[in-house]
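Topology and contacts: notes
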Amino acid sequence: MTENLVIKDHDPSLYNEDLKPIAMKDRTWGWFEIFNVWANDVQSLFGYTLAASMFLTFGLNGWTVFAAIMVAGIFVMWLVNLMGEPSVKYGIPFPVMARSSMGIRGANLPAVLRAIVAIFWYGAQTYFASTAVALLLKALFGASGDAVFLGMGGLDWVAFLMVWVFQIWLFWNGIEWITKFLNFAGPFVYAVMIILAGIIWWKAGSGLFAELGTIFQGTGNYEGSSLTAFLAIVGTMIAYFAAVVINYGDFSRFVKSQGEMKKGNFTGLPLNIAFFSAIALIVTAGTVAIWGEALTNPTDIIARVDSLPLTVIAAIMFFAATVGINLVANFIPPAYDLANLYPSKINFRIGGLITSGFALVIGGLWVSVISQIGIFNFVNTLGAILAPIYGIMIVDYYMIKNGKLDVQNLFSADPKGEYFYDNGWNRRALIAFGLTSLFSVATVWAPSLEFLSGFSWVIGAALGGLVYFFVTKK
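This write-up is about the structure you can find in this document. (Residues numbered from 1 in each chain as written. Predicted model: local features only at pLDDT ≥ 70, side-chain atom pairs only at ≥ 80, totals over all residues. Heavy atoms only, no water.)

Across its full length, the protein chain holds 20 helices and zero strands. Here the C-alpha radius of gyration of the protein chain, 23 Å, is about what a compact globule of 474 residues would show, namely 23 Å. In terms of principal-axis extent, the alpha carbons of the protein chain reach across some 70 × 50 × 45 Å. Out of the 474 residues in the protein chain, the part that is buried amounts to 56%. Expressed as a percentage of contacts within the protein chain between residues at least 6 apart in sequence, the contacts between residues at least 24 apart total 83%. Entry remark: accessible area of the protein chain is about 19000 Å², with carbon and sulfur atoms responsible for 66%. (Helix = DSSP H or I, 4+ residues; strand = E, 2+ residues; numbered from the N terminus. Rg over C-alpha atoms; globule rule 2.2 N^0.38 Å. Buried < 20%, exposed > 50% of the residue type's maximum accessible area, 1.4 Å probe, protein only. Contact = heavy atoms within 4.5 Å. Areas by Shrake-Rupley, 256 points an atom, 1.4 Å probe, with all protein chains shown as cover.)

Okay, structure coming up:
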């Protein structure tokens, strides 16, 4: 455990104050903070649209859709409990944990891949968060949204720079302020969503229950059997959370105990997802009753309600929700991953500044360039490559290392160290990674594997762990 652990004789290329183990006495997170990590991950505009569309596009009755969502939530909870346990036990972040299986230098490979994916989406989500601020400014000042530079108007650029600066200010104040923001954003977004559901319910009246009945009978035209549709929902929901699963140790290292982590994962995943999906379902059914069409984009719903106070509150909600998921999925991971590359020169703050620098370029060019050139396959390819890393890390920790790590050696470059392997790289892990990542990449590019849907990540992780186990045991 890390209560009195002091890292001695650490190598400067492997250690800094942000990467070192957090002692139990210095941890401040309980189940509520973990719950809000997941709440902020779920409560994005895309998360709402995804939850609402699950009930409309797969042809299943509502209870079956809820069951599929719950199965996905429970499965993801199991995945993150496995990944989070060593970081709670030893207080180490994802890139340091990866050293035990990949080697003290080999850990930079998954760290760099995860950082690139996160940095790209950090820039994109910074732009998306700025659209909420722009919505607020336009509602208050009535300005037009005519494009003046790179596809965005003057107020759009003001909003974008405001969000960009706000996020820099937030992370520069440290993890304590990030925690405060996440703890505010999670409950606040829920409060506004419940108010919106109440307004829609009031406007729809008894027509809401009629539309709910129709949705619960099954309204979609999904091609395939009910089992195929059920599995497609489960796979889609798992894929949504896959990005956070692999670096979950970046969050669990702040938690006081395994019990608090598991309680936070239970309330934040299956229960939270079910509740959020229920709100999305009520609002979506209400839009059919009121306007005669299913609106799954919250922005469109707010525009139809046409209320300035609601628009202002909703804009703040969209901003909080998008910045929240940006911090969880796209800022904290690259900040640690970049620090792991050059610990003596890059700390959490410097890593955040580098991430923000890329965000300024990616977000600023999003409308006019990046969203037009089909770069998603590139990013999805890097994300898919990470799947086998999860399996390798889990098998190594639980089945090869039997749940025990020598934390001192995680920060040592001694050739005799346990994690030095072959000049800092674990060849067995690289073989398993190389063989199974080919499958993961194929799921992105090969049309014949498209049927795997969201399960490609799970299969890639399972294959990575399986191959690594046999290569290592041999």
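Listing the buried residues of helix H13 (residues 298-305) in full gives Pro298, Ile301, Ile302 and Val305. Buried residues of H13, seen end-on, are gathered within an arc of 100° and therefore sit on one face of the element. Of the residues one or two after H13, Asp306 is the one with positive phi, at around 55°. (Arc of directions from axis to C-beta.)

To continue, consider the nonpolar core. Within the largest apolar cluster, 157 residues are counted, with the highest numbers of intra-cluster contacts made by Ile178, Ile233, Phe241, Phe331, Tyr390 and Trp457. Of all the elements, helix H14 (residues 308-341) adds the most residues to this core, at 18 residues. (Core = buried A, V, L, I, M, F, W, Y, C linked by side-chain atoms within 4.5 Å.)

Structurally, Gly268 is set in helix H12 (residues 258-291). Its relative accessible area of 0% is what places Gly268 among the buried residues. For the pair Gly268 and Glu33, spaced 235 residues apart in sequence, the C-alpha separation works out to 9.5 Å. When sequence neighbours within four positions are dropped, the list of residues in contact with Gly268 reads Phe35 and Trp38.

Before going further, it helps to examine the packing of helix H9 (residues 207-217) against H12. Between two packed helices, both the angle of their axes relative to each other and the distance between the axes serve to describe the pair. Remark: H9 packs on H12, axes separated minimally by 8 Å, with the N-to-C direction vectors making an angle of 115°. Between H9 and H12, the crossing angle belongs to the class labelled roughly perpendicular. In the packing of H9 onto H12, the handedness of the crossing is right-handed. On H12, the residues that touch Gly207, Leu208, Glu211, Leu212, Ile215 and Phe216 of H9 are Leu281, Ile282, Ala285, Gly286, Val288 and Ala289. (Axes fitted to C-alpha atoms, helices over the stretch in contact; angles between N-to-C directions. Parallel < 35°, antiparallel > 145°, perpendicular 65-115°, else oblique. Left-handed = near helix turned anticlockwise from the far one by under 90°.)

Okay, the environment of Thr267 next. Following the sequence through the fold, Thr267 ends up in helix H12. C-alpha of Thr267 to C-alpha of Ile34: the two residues are 233 residues apart in sequence and 8.8 Å apart in space.

Orientation of helix H8 (residues 175-204) relative to H13, taken along the N-to-C sense of each, is 50°, at an axis distance of 12 Å. Judged by the angle between their axes, H8 and H13 are oblique. Seen from above, H8 lies across H13 with left-handed handedness. Contact residues: Leu196, Ile200 and Lys203 in H8; Ile301, Ile302 and Val305 in H13. Of the residues in the contact of H8 with H13, the class split is five nonpolar, no polar and one charged. (Nonpolar A, V, L, I, M, F, W, Y, C, P; charged D, E, K, R; others polar.)

With that out of the way, let us pick up the packing of aromatic side chains. A full pass over the atoms with the stated rule returns 34 aromatic pairs. Between the aromatic rings of Phe128 and Trp366, the centroid separation amounts to 5.6 Å while the plane-to-plane angle is 75°, which identifies the pairing as edge-to-face. On the criterion of sequence distance, the pair formed by Phe128 in helix H6 (residues 108-141) and Trp366 in the loop between helix H15 (348-364) and helix H16 (376-385) is long-range, its members being 238 residues apart. Among the residues examined, Phe128 registers a relative accessible area of 30% and is labelled partly exposed. One aromatic cluster is present, built from ring pairs that chain together Phe166, Trp169, Trp177, Phe181, Phe184, Phe188 and Phe319. In this structure, Lys180 packs its charged tip against the face of Trp177, placed 4.8 Å from the ring centre. Over the aromatic face of Trp172 sits the side chain of Arg349, whose NZ or CZ is 4.9 Å from the ring centroid. (Phe/Tyr/Trp six-rings, centres within 6.5 Å; stacked < 30°, edge-to-face > 60°. Lys NZ or Arg CZ within 6 Å of the ring centre and 35° of its normal.)

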